[in-house]
Amino acid sequence: MPDQTARVLVPGVGNDDAAVGLFDAGFRHIHASDYAAEGVARAKELLGDDRISRGGAALDLRVADCRALPFEDGSFDAVFEKGTL
């Protein structure tokens, strides 16, 4: 994994606490998605308002299908994936 300034994609965030772990480890440019709105809602619950609103963080949670992500090629330094693909 690159250093904590890396832009990290977490596809299929859902019930997984991977984004929470990355955030708590100091990563501040996390883009997490799930195809289900419920998955994104659960990720927001797991992260909590204190993490989401912490200064300097770029924590992007959105509903998106990992087969057709709304990002340009080369947008990320790393993908942290734990079973979605």
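Residues numbered from 1 in each chain as written. Predicted model: local features only at pLDDT ≥ 70, side-chain atom pairs only at ≥ 80, totals over all residues. Heavy atoms only, no water.

Undergrad: Before we go on, may I ask you to explain the pairing of strand β1 (residues 7–11) in this structure?
TA: Two faces, one strand: in a regular strand the side chains alternate between the faces of the sheet. Counting buried residues in β1 gives four out of five residues, a clear majority hidden from the surface. Taking the sense of rotation as the criterion, the β-α-β connection linking β1, helix α1 (residues 18–24) and strand β2 (residues 29–34) turns out right-handed. (Buried < 20%, exposed > 50% of the residue type's maximum accessible area, 1.4 Å probe, protein only. Helix = DSSP H or I, 4+ residues; strand = E, 2+ residues; numbered from the N terminus. Right-handed = clockwise from strand over helix to strand, strands pointing away.)

Undergrad: What is the right way to look at the nonpolar core in this model?
TA: Inside soluble globular proteins, nonpolar side chains tend to come together where they are buried. Ranked by internal contacts, the top residues of the largest apolar core, which has 17 residues, are Val8, Val10, Val13, Leu22, Ile30, Ala32 and Leu61. Mapped onto this core, the elements with two or more residues apiece are β1, α1, β2, α2 (37–52) and β3 (58–63). No other element matches the five residues that α1 contributes to this core. With near-sequence residues (within four places) excluded, Leu22 lies in contact with Met1, Val8, Val10, Phe27, Ile30 and Phe80. (Core = buried A, V, L, I, M, F, W, Y, C linked by side-chain atoms within 4.5 Å. Contact = heavy atoms within 4.5 Å.)

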